[in-house]
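Each chain, letter by letter, is given below.
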Amino acid sequence: MEIKNLRVNGIRLRESLEEMAKIGATPNGGVQRLTLSDEDKRARDLFVRWLSEMDVEIRVDEMGSIFGKRRGKNNDLAPVMSGSHIDSQPKGGRFDGILGVMGALEVLRTIHENKIETERPIVIVDWTNEEGSRFAPAMIGSGVWAGALERGWVYNRTDINGKRFVDELERIGYKGTVPAKKWPVYAYYEYHIEQGPVLEKEGKIIGAPKGVLCLRWYDIYLEGEANQVGPTPMEGRHDALCAAAEMILKVNELPARMGGNMVATVGEIQNSPNSRNVIPDKVHLTVDIRSWDDDLAQRAWEDLNKDFEEITERRGCPIRIEETWRVEHSPFDKKLVQKVLDTADELGYPAFHMVSGAGHDASYMSQIAPTAMIFVPSIDGRSHVEVENTKWEDCEAGGNVLLHTVLQSAMEA
Ligand code: GLV
Ligand code: MN
Ligand code: MN
């Protein structure tokens, strides 16, 4: 068959996604596959089994990221790489991340069964811990691999129960021996659901983001004074949860106050001792700030800090702030992005140039290799939730765009 007429098998892609969705399935149709959990392990095992059915060399690096390499005619040439992540949010959907891994698998299967010889090798990848939900920060498999994060620091990150990343990596049997160290990559394509409302609103099937917003994560620890709620007068209390409440609203108001294009969120909070009749004395909360404009995000954070200072002084609740993560906005490779748009056009799928508000391993990959992403619409713009959904025909369309962008790059000598 002529290469230009080649298409992925949409039914097989759907079946792979449905099979994966059984692992960690939640009652309302989503998945819970937290990083390095038993579910993450089972999904990895299945992925590795599927990879081993093809002529692919499988390697696991010391961060647990899984690579499958299909040889080309000239294996001295830098490979084309594609993949995403298998881990999910606590109440996540059936498409976030896994679509990019199953999409790349479907591309490899299509190439394999049609016995296509590419000039360059093709590497499929599952990056460890893209979500950052169990172990902060996010995108750490790709971050360490790209040289942006330090392996030792990541190994010692702990989850909410004090379990260390490295111990959990060993426990599930995915602490590989291959150094998590970048090698030359000719082109990196990541296929993903949009996770927002833009494509649906525009009536398009394929999105080609020009890049990813900057991401800033902070951990805030507040100290109050615990006491019995009944006898303790309202005056003179040091209520850490009330200080946190004021801060949360300041974060929520920040984008409107700063103007410009940004979003800011508090998504996680722990309150101690978390008893209805004790004044809270310890609160941990997270702040997530994103914008295309790194300076705006920085100014916003500095402004927010002034508010935080005023609140902690007035309420007598000392504060400790950690900057957990910072990634500047990541522009993708203009030529590769154009290739995605042109390929969608050739295949007859209406496409749209946009930005990615969600973080992706493609952010770190764009620091070391020409990178582009392929988006397909999220129904009602919902993601990181159990009802996250994308039409099967759109999954297939994105798969075809991935197939042809990967093939074009892999045929370049
Ligand atoms: C990753 O899922 C993110 O956008 O936080
Ligand atoms: Mn994702
Ligand atoms: Mn996600």
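Now for a quick tour of the structure. (Residues numbered from 1 in each chain as written. Chains lettered and ligands numbered in written order. Predicted model: local features only at pLDDT ≥ 70, side-chain atom pairs only at ≥ 80, totals over all residues. Heavy atoms only, no water.)

## Some remarks on the coordination of the manganese ion (ligand 2)
Here's step 1: Note on the manganese ion (ligand 2): its protein donors are H85 (NE2), D96 (OD) and H192 (NE2). The metal-donor distances range over 2.1 to 2.2 Å.
Here's step 2: Within one chain, the residues donating to the manganese ion (ligand 2) are spaced in sequence as H-x10-D-x95-H.
Here's step 3: The manganese ion (ligand 3) is placed at 3.5 Å from the manganese ion (ligand 2), the two being bridged by D96. Of this pair, H85 sits in the loop between strand 3 (80–84) and helix 3 (98–113) while H192 sits in strand 5 (residues 187–193), and the two are 107 residues apart along the sequence. With respect to burial, H85 and H192 carry one shared label: buried. (Donors = N, O, S within 2.8 Å, 3.2 Å for Na, K, Ca; no water. Helix = DSSP H or I, 4+ residues; strand = E, 2+ residues; numbered from the N terminus. Buried < 20%, exposed > 50% of the residue type's maximum accessible area, 1.4 Å probe, protein only.)

## Quick look at the site of ligand 1
Here's step 1: Neighbouring ligand 1 are the residues E130, E131, R290, A358, G359 and H384.
Here's step 2: In the environment of ligand 1, an oxygen atom lies 3.0 Å from a nitrogen or oxygen atom belonging to the side chain of E131.
Here's step 3: In the environment of ligand 1, an oxygen atom lies 2.7 Å from a nitrogen or oxygen atom belonging to the backbone of G359.
Here's step 4: Against a free-state accessible area of 200 Å², the protein chains account for coverage of 93% of ligand 1.
Here's step 5: Here the shell around ligand 1 is built from residues that sort into one nonpolar, two polar and three charged. (Near = heavy atom within 4 Å. Polar contact = N/O pair within 3.5 Å; in protein donor to acceptor, adjacent residues only side chain to side chain. Areas by Shrake-Rupley, 256 points an atom, 1.4 Å probe, with all protein chains shown as cover. Nonpolar A, V, L, I, M, F, W, Y, C, P; charged D, E, K, R; others polar.)

## Let's talk about the coordination of the manganese ion (ligand 3)
Perfect tetrahedral coordination of a metal by four donors corresponds to 109.5 degrees between them, and perfect octahedral coordination by six donors corresponds to 90 or 180 degrees.
Here's step 1: Bound to the manganese ion (ligand 3) on the protein side are D96 (OD), E131 (OE), E131 (OE) and H384 (NE2), at distances that span 2.1 to 2.4 Å.
Here's step 2: Written as a sequence motif, the donor arrangement for the manganese ion (ligand 3) is D-x34-E-x252-H.
Here's step 3: A residue is classified by how much of its surface remains accessible, and E131, at 6% relative accessible area, is buried.
Here's step 4: Given a relative accessible area of 38%, H384 falls into the partly exposed group.

## Comments concerning the side chain of S363
Here's step 1: Within the secondary structure, S363 is located in helix 11 (residues 361–365).
Here's step 2: If sequence neighbours within four positions are ignored, S363 has contacts with M139, V212 and S330. (Contact = heavy atoms within 4.5 Å.)

## Some remarks on empty space enclosed by the protein
Here's step 1: Enumeration according to the criterion identifies one cavity of 30 Å³ or more in this entry.
Here's step 2: Computed from the structure, the largest cavity encloses a volume of approximately 30 Å³.
Here's step 3: As for the largest cavity, its lining consists of S82, A104, V107, I122, V123, I124, L402 and V406.
Here's step 4: Elements with a minimum of two residues in the lining of the largest cavity: helix 3, strand 4 (122–126) and helix 12 (392–411).
Here's step 5: When grouped by side-chain class, the residues that make up the lining of the largest cavity number seven nonpolar, one polar and no charged. (1 Å grid on protein atoms, 1.4 Å probe; cavity = no way out; pocket = protein on both sides within 12 Å on 5 of 7 lines; lining within 4 Å. Points joined across faces, edges and corners; volume = space filled by probe spheres on them.)

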